[in-house]
Amino acid sequence: MKFKRILCLAAALCLLWSIAIADGQYNGGALVNIYEKAVMPYNWTTQEPKETANVKYLLDGNRSTGFRHVCWDALAKDEIPEITYYFSGSTIKDIWIRNGWESSRYPYTAHARISVIRVVVWVGEQSYGSYRYDLEDTNDPYVYTPDMYDGYQRLSLPKKFENVTQVDIYIKGWAYTGDTYPYVSYMSDMIFLPDTLSNLYGNWIFDGGTPYVPTPTATPMPTWAPYPTWAPAPTATPQPVITEAPYNGLYVTTNQRLATRSGPGTTYTESGSYYQAGTRVKALTAAYDDRNGIWWIQVELSYAGELRRVYTGVKRLNMQAGDVPVEEVQTSAVLTRSVYAYWGPGYGYAMYKNAISAGTSGTVYAWENAYAQFEYYDTEAGHTRRVWVPSGALEAGNG
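A separate point is the pairing of strand β5 (residues 116-123). Looking along a regular strand, one sees the side chains alternate between the two faces of the sheet. Most of β5 is tucked away: six of the eight residues are buried. Looking at chain direction, β5 and strand β6 (residues 126-134) are connected through seven bridges and run antiparallel. When the sheet's bridge partners are listed, Val121 is paired in β6 with Tyr128. Hairpin connection, β5 to β6: the antiparallel pair is bridged by two residues, and Gly124 has positive phi, about 65°. In terms of strand pairing, β5 meets strand β9 (residues 152-173) through seven bridges, oriented antiparallel. The residue bridging Trp122 from the neighbouring strand is Gln166, located in β9.

Here you go:
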């Protein structure tokens, strides 16, 4: 009987240990609570007013609460921030995010996780950015590096900004769809820090050595989150990528009907003719056609209720080629699986009817919204074709 009591006591201690780690309270004597160093906004607004009340859950340091956002393509493609935070002249260097609903296994996998965020920082009337961040699909609380800590991913700003008055957060991609709610994304926490973790705490927090700092009093869990605690298995340390956001385009008018191709030249597949003179379209990039000695412009337009990106000669638009960025080759790549291609970077664009086979090789000209602009030779059409495919389906080459 005494032996059984000892076993029960040991089991209870193990359970308490697991819960403490899952709640971000302790890990080998090294875990600190980065929430205590956070720079707090004094107010915030959201693009969707019904989401405003949930922003406070992003700022409580509690992984059981958070911010829900319905992932509509129309919202991701506009230039209105999903969240705008207001600060009183604060200093901000890093933004840390717990991506996904981290309270337990079911809500994490049931809801979508965000894959792309853009950030604009305001100092007075001057804006900086936008800065693009590709988020990892992980909530691993066991990894402690300068870029991952207690389930948070680091979004490192290119410099330390002082006298910050506003930060705009744009949700631009959700490659990690939910099992139950495919297009309802979730973030558990977002923290603004005035410096890097090593400057705030010292490098010892990454190798263990100083007792943890207790978590603050948690905001009560909302009624829509009654799920049990789950401690996920360790995964590889994520490496967030920071690049400039894709160019957002320039609205111009047509001066004639648009004859178009899928790429910048007559060797590319035809993409149809659209509109009449005086129609407003969005110009995105320019590419020079050596064969014909002309500039082509990549434009975005709407056809039959769906968006399309196509190329047309600059002469058909009231603009100059120098008004938009010039395209550059990014890399060579091979499709690792068969995929359906789109006329633009995401589900909001028209989809091609035929899939592209695994093993197809080509060239990438742009990355956007977890998609890649992929150029390959279409043997059936007998022409080169440019399409957009999920970036996760490509294996980059050395070119």
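This brings us to the layout of surface pockets. There is about 390 Å³ of room inside the second largest pocket. Around the second largest pocket, the lining comprises 19 residues; the ones closest to its centre are Asn354, Ala355, Tyr376, Asp378 and Arg385. Listed by contribution, the elements that provide at least two residues to the lining of the second largest pocket are β20 (351-356), β22 (371-378) and β23 (383-390). Residue contributions to the lining of the second largest pocket peak at six residues, all from β20. When grouped by side-chain class, the residues that make up the lining of the second largest pocket number ten nonpolar, four polar and five charged.

Turning to the environment of Asn99, a few remarks are in order. In this structure, Asn99 sits in strand β3 (residues 83-99). The class for Asn99 is buried, based on a relative accessible area of 0%. The sequence separation of Asn99 and Arg113 amounts to 14 residues, and the corresponding C-alpha distance is 6.3 Å. Setting aside residues up to four positions removed in sequence, Asn99 forms contacts with Tyr108, Arg113, Ile114, Leu135, Glu136, Thr138, Gln153, Tyr186 and Met187. Within polar-contact distance, the side chain of Asn99 engages the backbone oxygen of Ile114 at 2.7 Å. In this structure the side chain of Asn99 is engaged in a polar contact, spanning 3.5 Å, whose partner is the backbone oxygen of Glu136.

Bringing the pairing of strand β16 (residues 294-303) into the picture now. As paired elements, strand β15 (residues 280-289) and β16 share seven bridges and run antiparallel to each other. Each bridged residue has a counterpart across the sheet, and for Lys282 the counterpart in β16 is Glu300. Counted along the chain from β15 to the antiparallel partner β16, the turn is four residues long, and its residue Gly293 has a positive phi close to 65°. In this structure, β16 lies alongside strand β17 (residues 306-313), joined through eight bridges in antiparallel fashion. Residue Trp296 lies in a different strand from β17, and its bridge partner there is Gly313. Following β16, the chain reverses through two residues before pairing antiparallel with β17; Ala304 in that reversal takes a positive phi of roughly 55°.

A separate point is the packing of aromatic side chains. Tallying each qualifying case throughout the model produces twelve aromatic pairs. When the centroid spacing of 4.9 Å and the interplanar angle of 70° are considered together, the rings of Tyr144 and Tyr149 count as edge-to-face. Accessibility expressed as a relative area gives 0% for Tyr149, which makes it buried. The structure contains a cluster of three or more aromatic residues connected by ring pairs, namely Tyr85, Phe87 and Phe192. Between Arg386 and the ring centre of Tyr365, over which it is positioned, the NZ or CZ distance is 3.7 Å.

A word on the nonpolar core. Ile297, Phe374 and Val389 are the most contacted members of the largest nonpolar core, which totals 31 residues. Contributions of two or more residues to this core are made by β15, β16, β18 (331-335), β19 (339-342), β20, β22 and β23. Leave out the neighbours within four places in its chain, and Ile297 touches Ala283, Thr285, Ala286, Val310, Tyr311, Thr312, Val314, Leu317, Met319, Ala321 and Val324. Of all hydrophobic cores here, the second largest spans 28 residues; its members include Tyr85, Val119, Leu135 and Leu155.

Attention now moves to empty space enclosed by the protein. Tallied over the entire structure, the rule returns two cavities of 30 Å³ or more. Quantified by volume, the largest cavity comes out at close to 50 Å³. Around the largest cavity, the lining residues are Ser262, Gln298, Arg309, Tyr311, Tyr342, Trp343, Tyr352, Gln373, Arg386, Val387 and Trp388. For the lining of the largest cavity, the elements supplying multiple residues, two or more each, are β17 and β23.

Note on placement: Asp150 falls in the loop between β8 (148-149) and β9. A polar contact of 2.8 Å, which involves the side chain of Asp150, links it to the side chain of Arg98.

Turning to the environment of Thr384, a few remarks are in order. Inspection of the secondary structure assignment puts Thr384 in strand β23. Separated by 116 residues in sequence, Thr384 and Tyr268 place their C-alpha atoms 4.6 Å apart. The contact partners of Thr384, leaving out residues within four places of it in the chain, are Ser262, Thr267, Tyr268, Thr269, Glu375, Tyr376 and Tyr377.

Here is what the cut-offs are and how they apply
Throughout, residues of each chain are indexed from 1 in the direction in which the sequence is written. Residues qualify for local features only when their pLDDT is at least 70, as the model is predicted, and side-chain atom pairs are given and counted only at 80 or more; totals for whole chains, interfaces and linings, by contrast, use all residues. Side-chain metrics in this entry use all non-hydrogen atoms of the structure; hydrogen atoms and water are not considered. Think of it in three bands: with a 1.4 Å probe and only protein chains considered, a residue is buried below 20% of the maximum accessible area for its type, exposed above 50%, and partly exposed in between. Strands are runs of DSSP state E lasting at least two residues, helices are runs of H or I lasting at least four, and both sets are numbered from the N terminus onward. Two strands are said to pair when DSSP picks up at least two bridges between them. Every definition here rests on a 1 Å grid over the protein atoms only: cavities are sets of points where a 1.4 Å probe fits but cannot get out, pockets are open sets enclosed by protein on both sides within 12 Å along at least five of seven lines, and lining residues have some atom within 4 Å of a point. Grid points are joined across faces, edges and corners, and a volume is the space filled by probe spheres set on the points. In this classification, Asp, Glu, Lys and Arg are treated as charged, Ala, Val, Leu, Ile, Met, Phe, Trp, Tyr, Cys and Pro as nonpolar, and every other residue, Gly included, as polar. Residue contacts are defined here by distance: any two heavy atoms, one from each residue, within 4.5 Å place the two residues in contact. Pairing of N or O atoms within 3.5 Å defines a polar contact, subject to two protein rules: one partner must be a possible hydrogen donor and the other a possible acceptor, and residues neighboring in sequence count only if both atoms are side-chain atoms. Centres within 6.5 Å make a pair out of two Phe, Tyr or Trp rings, where for Trp the six-membered ring is used; the pair is then stacked when the planes are under 30 degrees apart, edge-to-face when over 60, and tilted otherwise. Whether a charge lies above a ring is judged from NZ of Lys or CZ of Arg, which has to be within 6 Å of the ring centre and within 35 degrees of the ring normal. Only buried residues count toward a nonpolar core. Its members are Ala, Val, Leu, Ile, Met, Phe, Trp, Tyr and Cys residues joined through side-chain atoms within 4.5 Å.

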